[in-house]
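Residue strings, one per chain:
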Amino acid sequence: MRTRIFCLLGLIFLMIPNAAQAQLRYRTNNNTITIIGYTGTDGDVTIPGTINGYPVVSIGDSAFQNSFVLTNVTISSGVTYLGGLSFYNCTNLLSVTLPDTLTAIGTGAFRSCTSLMTMDIPWGVNVISNYTFYFCTSLTNVTIPPTVTSIADYAFNNCRSLPGLTIPDSVTSVGKYTYSNCTNLSVLTLGNGLSALGDYAFSGCRGLASLTLPQNLQSIGQHTFDSCVLLPSIILPAAMTGLGLGAFDSCASLTNIAAEPQNLIYSSVEGVLFDKSQTTLALFPGGRGPSYTVPPGVQKIGYGAFSRCSKLTNLTIPIGVTSIDTFAFFSSAITNLWIPEGVTNIGNFAFSDCFGLSEVTIPDSVREIGGFAFQYSGLKSLTVPRASTVGYAFSSCPNLTNIFFPLGVTNLGDHMFYACGGLVSLSIPGTVKTVGPNAFQSCLNLSNVTLGNGLTTISNYAFANCPNLISVSLPGSLTTLGTAAFVSCGRLPAIVIPGVATISDSAFYSCTNLASVTVSSGTEIIGQSAFS
């Protein structure tokens, strides 16, 4: 199939009625024209229906990209396709008239057209593609026709001037971040054809003060309405089966979450969302507080149930709850918490970023504490639980100054107290047998460590990068001294090592102040760079 490209000495001069002379570049293919560029200086441009007798059917990818001179564009009937990035970054473009023959708009076609104010999308267009109107910060009015079935990711992201929006019944899905940070959006009408809202679809729509979810909506993604700070109430429709993590996080005015009685998955008690059997607390409204008592019969605090609840400071959890799920209290305002006997599991990130949480009681019934469970929390003191811990369980707790080790605690997990900058002195009793990998790494203010007789294992990097460590007492029971266990403890002046068979590679590497080393007779191997 032969393609002819006409540049006509690089410029095509077209005399257009009611518009300045346009200088357009184009190519021909199978007797049709695609516009591929513009070299003119006039701001008002009309794309003609024909050139040299051939119909103009498309605007090519990036055809008008960075054409800062453009102010008004009219595209004549016959054009069916706008290419990706076709008007990208035309920052002075005020208006575009699209033809009724248009059926497809490419990715990012009007991205960063920061002066574009209105847009009527023609009937015939089925999909509003990714980034189509991304960062069109002056867009105040857009009409979506009833032929559109999908609005893709980031399509209207950061359209900060858009005050209202109607999504027609024909649309079945809205993608990720589609209307995120449309901060002036106050009126939103969602069509009854919608079945899915993507992650972060309306996050940061801080002007949105009311919301009616359509009856056929089945799923709301993660953080879909995050930081919609004016929303007061939500009713989940009967068809709703999936509510993503943080769907209504940081909604500081939200005081009521309900579900239609016909919903088979969710129910509501006094404005708090539960599963249908009311044994799992699914979601607590972020505008409620300062106190709440979980009702009897609840067995589980659900996935992200109290996440980012900025007004809730006091919570009572009753006997009968057995599980606290992942992200359950992530970044909430909880200040102290008694976890009742009977709870067996605390999930990953369950209390992470709870900066105000200064005290927590963890019962012996807890068997597992997930990764990062209390990371960045405000804990000041801790009685170490007997539960097994996944990595970083109490890491980066800057206020943690006191750690108590009760009988029954035998193992400190990997990265368990990583980067706890408030720790100055540490005494680990002999009932603890293992200090796990990186357990106290980067505790920058840790100066004194006493390890009780009975401890057998100091794992790899257990005390690495503790630059203010000046005193360590290693017990005679020690049998394993891991790789780089005390690497970069630059102020450590002396160490007495009991009869471990092997001092592993880099065990005291870069301990630049180490002047005295005593090694017992039982040591057979000293690894590479052990004292370099």
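Residues numbered from 1 in each chain as written. Predicted model: local features only at pLDDT ≥ 70, side-chain atom pairs only at ≥ 80, totals over all residues. Heavy atoms only, no water.

**Details of the nonpolar core**
Counting 82 residues, the largest nonpolar core has Phe440 and Phe463 as the members making the most contacts within it. Of all the secondary structure elements, the ones that give two or more residues to this core are strand 25 (272–275), strand 39 (425–428), strand 41 (448–451) and strand 45 (494–497). Once residues within four sequence positions are removed from consideration, phenylalanine 440 is found in contact with Ile403, Leu412, Phe417, Leu423, Leu426, Ile428, Val435, Ala462, Phe463, Ala464 and Cys466. In this structure, Ile59, Leu165, Leu188 and Phe202 belong to the second largest nonpolar core, which totals 78 residues. (Core = buried A, V, L, I, M, F, W, Y, C linked by side-chain atoms within 4.5 Å. Buried < 20%, exposed > 50% of the residue type's maximum accessible area, 1.4 Å probe, protein only. Helix = DSSP H or I, 4+ residues; strand = E, 2+ residues; numbered from the N terminus. Contact = heavy atoms within 4.5 Å.)

**Thoughts on the confidence of the model for the protein chain**
When pLDDT is averaged along the protein chain, the result is 94, and 96% of the positions lie at 70 or above. This model gives residues 1–22 a pLDDT under 50, and the stretch forms 44 contacts once residues within four places in sequence are excluded. (pLDDT = per-residue confidence, 0-100.)

**Digging into the side chain of serine 377**
Structurally, the position occupied by serine 377 is in the loop between strand 34 (368–369) and strand 35 (381–383). Owing to a relative accessible area of 1%, serine 377 belongs among the buried residues under this scheme. A polar contact is formed between the side chain of serine 377 and the backbone oxygen of phenylalanine 374, at a distance of 2.9 Å. Apart from the residues within four sequence positions on either side, serine 377 is in contact with Phe351, Asp353, Cys354, Phe355, Leu357, Cys397 and Pro398. (Polar contact = N/O pair within 3.5 Å; in protein donor to acceptor, adjacent residues only side chain to side chain.)

**Description of empty space enclosed by the protein**
If you walk through the whole model with that rule in mind, you get one cavity of 30 Å³ or more. Approximately 60 Å³ is the volume attributed to the largest cavity. Lining the largest cavity are 13 residues; nearest its centre among them are Phe248, Asp249, Phe284, Gly286 and Ser307. Grouping the constituent residues of the lining of the largest cavity by class yields seven nonpolar, four polar and two charged. (1 Å grid on protein atoms, 1.4 Å probe; cavity = no way out; pocket = protein on both sides within 12 Å on 5 of 7 lines; lining within 4 Å. Points joined across faces, edges and corners; volume = space filled by probe spheres on them. Nonpolar A, V, L, I, M, F, W, Y, C, P; charged D, E, K, R; others polar.)

**Side note on unusual backbone geometry**
When glycine is set aside, most residues are seen to have a negative phi, and most peptide bonds are trans. Of the consecutive residues glycine 289 and proline 290, the connecting peptide bond is found in the cis state with omega at 0°. Relative to the helices and strands, proline 290 resides in the loop between strand 26 (280–283) and strand 27 (291–293). At asparagine 158, a position not held by glycine, the phi torsion is positive, near 65°. Considering the arrangement of structural elements, one finds asparagine 158 in the loop between strand 15 (150–151) and strand 16 (164–167).

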